[in-house]
Protein chains: 2
Amino acid sequence: VSDAPARPAASSGDHAIDRFLDESRDRRLESWKELLRIPSVSALPEHAADCRRAAEHVAATLRRIGMEHVDISDTGGHPIVYADWLHAEGAPTAVAYAHYDVQPVDPVAEWHHPPFEPEVADGRIYARGASDDKSSVGILLQAAEALLATRGSLPINLRFVFEGEEETTSEHLEPWLAANRERLGADVALICDSGFFAGNVPAVTVGLRGIMYAQIDVRGPFQDVHSGSYGGAIENPANALARIIAGLKDPDGRVLIPGFYDDVVPLSDADRAAYAALPFDEDEFRGSLEVPALVGEPGYTVLERRSGRPTLDVNGIWGGFQGEGSKTIIPGSAHAKVSSRLVADQDPERIFDLLRDHVLRIAPPGVTVEVRDLGSGRPTLTPIDDPWARAFATALGETFGQEAVFVREGGSIPFVAAFETLLGLPVVILGFTPPDGNFHAPNEWMDLANFEGGVRSMVRYWDGLASGV
Amino acid sequence: VSDAPARPAASSGDHAIDRFLDESRDRRLESWKELLRIPSVSALPEHAADCRRAAEHVAATLRRIGMEHVDISDTGGHPIVYADWLHAEGAPTAVAYAHYDVQPVDPVAEWHHPPFEPEVADGRIYARGASDDKSSVGILLQAAEALLATRGSLPINLRFVFEGEEETTSEHLEPWLAANRERLGADVALICDSGFFAGNVPAVTVGLRGIMYAQIDVRGPFQDVHSGSYGGAIENPANALARIIAGLKDPDGRVLIPGFYDDVVPLSDADRAAYAALPFDEDEFRGSLEVPALVGEPGYTVLERRSGRPTLDVNGIWGGFQGEGSKTIIPGSAHAKVSSRLVADQDPERIFDLLRDHVLRIAPPGVTVEVRDLGSGRPTLTPIDDPWARAFATALGETFGQEAVFVREGGSIPFVAAFETLLGLPVVILGFTPPDGNFHAPNEWMDLANFEGGVRSMVRYWDGLASGV
């Protein structure tokens, strides 16, 4: 790669490994490109064989570098690839997760390079999956390869789990984890599917919000009726729905559902200090969204509101006439999709029950109201002083020469909670992608300096874990 | 007509006229059928020539029966037919309105008879326009014909205005009225485009609600954004819209816009007695709409709420994701169509201003809000003790042998107010169609007994006006 990045060259802290990585760079890049060339789009049935090819490529690499018990599990969907290396007696055991499937490439006309012909330019590599999440697959494989090639061993015990359905809701992962609970014994789960903070600052993700997603259906007259003939005598389902939604949150943004906040883990002083340490320009953020003002729950900063506190948002609303001009009807029904982003220790099923009860309690008498559960995901939270997370932050800082930040994601990755609840493991969520890498969009790219630093910091992290957390 | 109606035979109160009408019945029916056969669908450009044919048919009939100054005015749309007879010295002058255009016939497959091949069965005549509003055209023409044929004169001075664009918002009527204000001098306007009350009870319509129709546009982020990444930090336009709509009406249905009720003419004791006298079964009404309860402004009956009091209804609402399942976005914008049915003396333009000001006042700070006027119509109200209306009720009662009721319509006929405001006339809104005559629907029909009674009660009404109101 000719265009060197501005960042100081990363080091794994082990000269032999650094030398191995420097000398093998072109070969490793070529090997990773082979994976990037496989169009493993999990959402599209016509790419099912490509997903299997990607799984087989990963399995072949695992065997080549010296991992053991390499196994391709049929799940009913796309396969899960497992491998381990368990000879680091007395050292901790980590189960490391990444996914080899990718998003569809539409609109393909907006790509400057064909999405499955990876191309290097300006210190970046462009390809679908280059960041999300084949960067993690490549980094995990190459870190293990470097260690096994130079030392003949790993510093800790490692189990790899590579999934092929992350972009389509990980349908078969949780059953597979449950079925393999016995052989997945470990001390920590490393979920490799996040990235760096804004400005490409090394980051450890210590929390993900959960989600509760519901639909509210309000029904009035048996069909749309004339607003002149009936207006004034019957409840209007759209007015009723508006009143219900207005009754879910106060004007400041605090959720009014009784019990909603009961199980929320409050932000600690350390949490709030971590938020405050993040580089963030409120005005730039507001301007980028083109909103007149940022608003949210009183007593919290914008960043805290975006990931450290629960929310309630209408995701969609509809009913009656939506065309040009005017049509004088009272809608027969009105509907809304409503979801809450949840934080630890809120339970999505309990929150749904609370929402449903509250909606039915405040619904006006002239309509019938139904509240339906459209899916949920549990929040996850690793305490900010968790030693597994701290150790990764230390490795990041030493490798990249820049102190890592602790962040929570506002979004949800529902399967992550399964590692906590099914396997009983603390979870560290990590990744090396720049935040502007066009995930799920045309011209997805990965910063090659981040990739190389990722391999080195993974080596350093595992070395660090071997000397105790 | 073989199947006689249950109602007692109507009489005009003038034996010679009754005899003329009895003897000419078949000929009159055939003449009216000629008008019904003309597919004068004003909404469809391919029927423009048919609309002109209908106007010419009406004009020819006016000339044949002895009306004067018969004139077909080109309006830029479909023509307006004018005629008068002004030789009743000392008697009042009425301007009588009806429209010769009709609604489209779709879905035509649901008609049992071709819509423009009028067919008599069971005392009814089936055809598009048979009730709305060619029944009024036929009744006015035949009443004048009977009087001129038997007496050689009319008891009052009459001006006829037959319009061809009522079903397409009467675009050119108001300019034509304004341009012809001088030659339209009169004492009362008879708007012949309503009908009988439920159960086919003779009725005088003394009020129409007006309308104010607006759109509220709430804009947040420049596009739909991820509810995980942004939820909690920005105002959600759909939540904001719900809060705005909830702020327009209290839970009981009373409008919260300051000043909204300022100009409402309160219901008098006589008004309320007239409402109370109407045959109406609340439970049947509720059941027919399939709503769990009837709700509305406290202190008023269901019928009063439906036409005697103003309303505020959402006619449509939309924003964000409306598909199956879940999509985790904060909508970039949310929208609602909101309209108020107005009663005298509310001014639609003032009400729009009050709505807009109130919406902007209660709009939350994190969004931009726009309120747009999508059209309006003024309410009309003839006092229930108005002599012109009372005289028509008397004529109806005497002709049909059944006491007439005074009703207000909940809907709006915007052009009616122009007769009040442009010509400065009291307005009586009348018609003879049964309330279940399938106006605007397949298998429109007119009760022939109502039609014949209509001709006779019109004669009796004009005779009554000649002896003073």
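As a reminder, the structure under discussion sits directly above these lines.
Asks: Can you walk me through the overall build of chain A in this structure?
Replies: When you go through chain A residue by residue, the secondary structure sums to 14 helices and 18 strands. Relative to the globule expectation of 23 Å for 469 residues, the C-alpha radius of gyration of chain A, 25 Å, shows essentially globular dimensions. Within chain A, the proportion of its 469 residues that are buried is 61%. Long-range contacts, defined here as pairs at least 24 residues apart, represent 79% of the contacts in chain A between residues at least 6 apart. Carbon and sulfur atoms make up 48% of the accessible area of chain A, which amounts to about 17,200 Å² in all. Distance from the positive charge centre (40 side chains) to the negative charge centre (70 side chains) of chain A: 1 Å.

Asks: Where do I start with the pattern of salt bridges in this structure?
Replies: Per the counting criterion, the structure on display carries 58 salt bridges over all chains. In this structure, A:Arg456 and A:Asp22 form a salt bridge, with 3.0 Å as the shortest nitrogen-oxygen distance. Taken together, the positions of A:Arg456 in helix H14 (residues 448–466) and A:Asp22 in helix H1 (residues 15–23) put the pair 434 residues apart, joining distant regions of the chain. Taking relative accessible area as the criterion, A:Arg456 reaches 3% and is therefore assigned buried. B:Glu297 is the partner of B:Arg309 in a salt bridge, and the nearest nitrogen-oxygen pair spans 2.7 Å. On the criterion of sequence distance, the pair formed by B:Arg309 in the loop between helix H10 (302–307) and strand S11 (313–320) and B:Glu297 in the loop between helix H9 (282–289) and H10 is long-range, its members being 12 residues apart. As far as burial versus exposure is concerned, B:Arg309 and B:Glu297 are alike and both buried. Taken together, the salt bridges that share partners define one network made up of A:Asp18, A:Asp22, A:Arg28, A:Glu452 and A:Arg456.

Asks: Would you mind showing me how to read the interface of chain A and chain B here?
Replies: Think of interface size as the accessible area that goes away when the parts come together; that is how it is often given. Chain A puts 71 residues into the contact, and the matching count from chain B is 71 residues. Both sides of the chain A and chain B interface together cover about 5,500 Å² of buried area, and 56% of this is carbon and sulfur. Ranking the residues of chain A by area buried against chain B places A:Leu289, A:Val295 and A:Ile317 at the top, with a combined share of 11%. Linking chain A with chain B are zero salt bridges, by the criterion used here.

Asks: Would you mind going over the packing of aromatic side chains with me for this structure?
Replies: One pair of aromatic rings is described through two measures. These are the centre distance and the angle between the planes. Counted according to the given criterion, the structure contains 28 aromatic pairs over all chains. With 6.0 Å between their ring centres and 55° between their planes, A:Phe196 and A:Phe432 make a pair best called tilted. Of this pair, A:Phe196 sits in the loop between strand S7 (188–192) and strand S8 (203–208) while A:Phe432 is found in the loop between strand S17 (427–430) and strand S18 (445–447), placing the two residues 236 residues apart along the sequence. The residues A:Phe196 and A:Phe432 share a single accessibility class, namely buried. Between the aromatic rings of A:Phe415 and A:Phe419, the centroid separation amounts to 6.2 Å while the plane-to-plane angle is 70°, which identifies the pairing as edge-to-face. With respect to class, A:Phe415 is no different from A:Phe419; both count as buried. Linked through ring pairs, A:Phe196, A:Phe392, A:Phe400, A:Phe432 and A:Tyr461 together constitute an aromatic cluster. Over the face of the ring belonging to A:Trp445 we find A:Arg124, whose NZ or CZ atom lies 3.5 Å from the ring centre. Looking at B:Arg183, its charged tip hangs above the ring of B:Tyr82, at a distance of 4.6 Å from the centre.

Asks: Sorry if this is basic, but what is going on with the sheet that holds strand S9 (residues 210–219) of chain A here?
Replies: Strands belonging to one sheet form pairs held by backbone hydrogen bonds; the direction of such a pair is parallel or antiparallel. The sheet built from eight strands is open, its strands ordered S14(A)-S9(A)-S13(A)-S11(A)-S11(B)-S13(B)-S9(B)-S14(B) with antiparallel pairing. A strand with exactly one partner marks an edge of an open sheet, and here the two such strands are strand S14 (368–377) of chain A together with strand S14 (368–377) of chain B. The mean inter-strand angle of the sheet, taken between neighbouring strand axes irrespective of direction, is 15°. Bridge count for strand S11 (residues 313–320) of chain A against S11(B) is five bridges, and the pairing is antiparallel. The partner of A:Gly319 across the bridge, within S11(B), is B:Ile317. With respect to the sheet, helix H11 (residues 348–362) of chain A is in contact with S9, strand S13 (333–342) and S14 of chain A, its orientation differing from that of S14(A) by roughly 165°.

Asks: Is there a simple way to explain the pairing of strand S16 (residues 405–409) of chain A in this structure?
Replies: Within a regular strand, side chains alternate between the sheet's two faces. All names here are of chain A. For S16, the tally of buried residues reaches four of five residues, placing the bulk of the element in the interior. In this structure, S8 lies alongside S16, joined through five bridges in parallel fashion. Bridge assignment links Val204 to a residue of S16, and that residue is Phe406.

Asks: I keep staring at the relation of the copies chain A and chain B and nothing clicks. Help me out?
Replies: One copy of the chain maps onto the second through a rotation around an axis plus a translation along that axis. Mapping chain A onto chain B leaves a residual RMSD of 0.2 Å; the transformation is a rotation of 179° accompanied by 0.1 Å of translation along its axis. Between the two chains, the operation in question is that of a two-fold axis. When you check the interface residues of chain A against chain B, 100% turn up at the interface there too, and the contact is symmetric in its surfaces.

Asks: Honestly, the environment of A:Ser40 in this entry has me stumped. Any pointers?
Replies: All names here are of chain A. In this structure, Ser40 sits in the loop between helix H2 (25–36) and helix H3 (48–65). Residues Ser40 and Asp101, 61 residues apart in the sequence, show an inter-C-alpha distance of 5.1 Å. Excluding residues that lie within four positions of it along the chain, Ser40 makes contacts with Asp50, Cys51, Ala54, Tyr100, Asp101, Val102 and Lys134.

Asks: Sorry, what's going on with the packing of H2(A) against H3(A) here?
Replies: All names here are of chain A. Following both chains from N to C, one finds H2 and H3 inclined at 150°, their axes separated by 9 Å at the closest point. Relative to H3, the element H2 lies roughly antiparallel. Of the residues in H3, those touching H2 at Arg27, Ser31, Glu34 and Leu35 are Ala54, His57, Val58 and Arg64. Its residues assigned to classes, the contact of H2 with H3 shows three nonpolar, two polar and three charged.

Asks: Any chance you could explain unusual backbone geometry here in plain terms?
Replies: Excluding glycine, most residues fall at negative phi; most peptide bonds, likewise, are trans. Note the cis peptide between A:Asp106 and A:Pro107, where omega equals -5°. Position of A:Pro107 relative to the elements: it lies in the loop between strand S3 (93–99) and strand S4 (119–121). Here the residue pair B:Asp132 and B:Asp133 is connected by a cis peptide bond, since its omega of 5° sits within 30 degrees of zero. Relative to the elements of secondary structure, B:Asp133 occurs in the loop between strand S5 (124–126) and helix H4 (134–151). Phi angles above zero are rare outside glycine, and A:Asp122 is one such case at about 55°. Inspection of the secondary structure puts A:Asp122 in the loop between S4 and strand S5 (124–126).

Asks: Looking at this structure, how should I read helix H7 (residues 237–246) of chain A?
Replies: For an α-helix the count is 3.6 residues per turn, leaving residues at separations of three or four pointing the same way. Residue and element names in this part refer to chain A. Counting buried positions along H7 gives 10 out of 10 residues, so the element sits mostly inside the fold. Buried residues of H7: Pro237, Ala238, Asn239, Ala240, Leu241, Ala242, Arg243, Ile244, Ile245 and Ala246, and no others. In this structure Asn236 caps H7, since a side-chain oxygen of it lies 2.8 Å from the backbone nitrogen of Ala238.

Asks: Even after reading the chapter, I still don't get the nonpolar core, so can you show me in this structure?
Replies: Within soluble globular proteins, side chains that are nonpolar tend to cluster in buried spots. Counting 73 residues, the largest nonpolar core has B:Phe162, B:Tyr461 and B:Trp462 as the members making the most contacts within it. Per-element accounting of this core gives the leading share, nine residues, to H4(B). Leaving out residues up to four positions away in the same chain, B:Trp462 has contacts with B:Leu140, B:Ala143, B:Ala144, B:Leu147, B:Pro155, B:Ile156, B:Leu158, B:Phe160 and B:Leu190. By size, the runner-up hydrophobic cluster in this structure holds 72 residues, among which are A:Leu21, A:Val58, A:Met67 and A:Leu190.

Asks: Got a minute to help me understand the environment of A:Arg243 in this structure?
Replies: You can see A:Arg243 is positioned in helix H7. What makes A:Arg243 buried here is its relative accessible area of 17%. Setting aside residues no more than four positions away along its own chain, A:Arg243 makes contact with A:Glu235, A:Pro364, B:Ala246, B:Asp250 and B:Pro251.

Asks: Would you mind showing me how to read the environment of A:His69 here?
Replies: Residue and element names in this part refer to chain A. Here His69 shows up in strand S1 (residues 68–73). Along the primary structure His69 and Asp84 are separated by 15 residues, whereas in three dimensions their C-alpha atoms are 6.1 Å apart. Non-local contacts of His69, meaning those with residues more than four positions away in its chain, are made with Tyr82, Ala83 and Asp84.

Asks: Can you walk me through the state of the cysteines in this structure?
Replies: Any covalent bond linking the sulfur atoms of two cysteines counts as a disulfide. If you walk through the whole model with that rule in mind, you get zero disulfides over all chains. Cysteine A:Cys51 remains unbridged, with the sulfur of A:Cys192 as its closest cysteine sulfur at 20 Å.

Asks: Which parts of the structure should I look at to understand the sheet that holds S18(A)?
Replies: Residues and elements named next belong to chain A. The three strands lie next to each other as S4-S5-S18, forming an open sheet whose pairing is antiparallel. Each having just a single partner strand, S4 and S18 make up the two edges of the open sheet. Here the strands of the sheet are splayed against their neighbours by 25° on average, with no regard to which way each runs. Here S5 pairs with S18 via three bridges, running antiparallel. Each residue of the ladder has a partner; that of Arg124, found in S18, is Asp447. Each of S4, S5 and S18 touches H2; the most contacted strand, S5, lies at about 30° to it.

Rules used throughout
Residues numbered from 1 in each chain as written. Chains lettered and ligands numbered in written order. Predicted model: local features only at pLDDT ≥ 70, side-chain atom pairs only at ≥ 80, totals over all residues. Heavy atoms only, no water. Helix = DSSP H or I, 4+ residues; strand = E, 2+ residues; numbered from the N terminus. Rg over C-alpha atoms; globule rule 2.2 N^0.38 Å. Buried < 20%, exposed > 50% of the residue type's maximum accessible area, 1.4 Å probe, protein only. Contact = heavy atoms within 4.5 Å. Areas by Shrake-Rupley, 256 points an atom, 1.4 Å probe, with all protein chains shown as cover. Lys, Arg positive; Asp, Glu negative; His and termini not counted. Charge placed at Lys NZ, Arg CZ, Asp CG, Glu CD. Salt bridge = Lys/Arg side-chain N within 4 Å of Asp/Glu carboxyl O. Buried area = accessible area lost by both parts, 1.4 Å probe. Phe/Tyr/Trp six-rings, centres within 6.5 Å; stacked < 30°, edge-to-face > 60°. Lys NZ or Arg CZ within 6 Å of the ring centre and 35° of its normal. Pairing = 2+ DSSP bridges. Axes fitted to C-alpha atoms, helices over the stretch in contact; angles between N-to-C directions. Least-squares fit on C-alpha atoms with pLDDT ≥ 70 in both. Parallel < 35°, antiparallel > 145°, perpendicular 65-115°, else oblique. Nonpolar A, V, L, I, M, F, W, Y, C, P; charged D, E, K, R; others polar. Polar contact = N/O pair within 3.5 Å; in protein donor to acceptor, adjacent residues only side chain to side chain. Core = buried A, V, L, I, M, F, W, Y, C linked by side-chain atoms within 4.5 Å. Disulfide = S-S within 2.5 Å.

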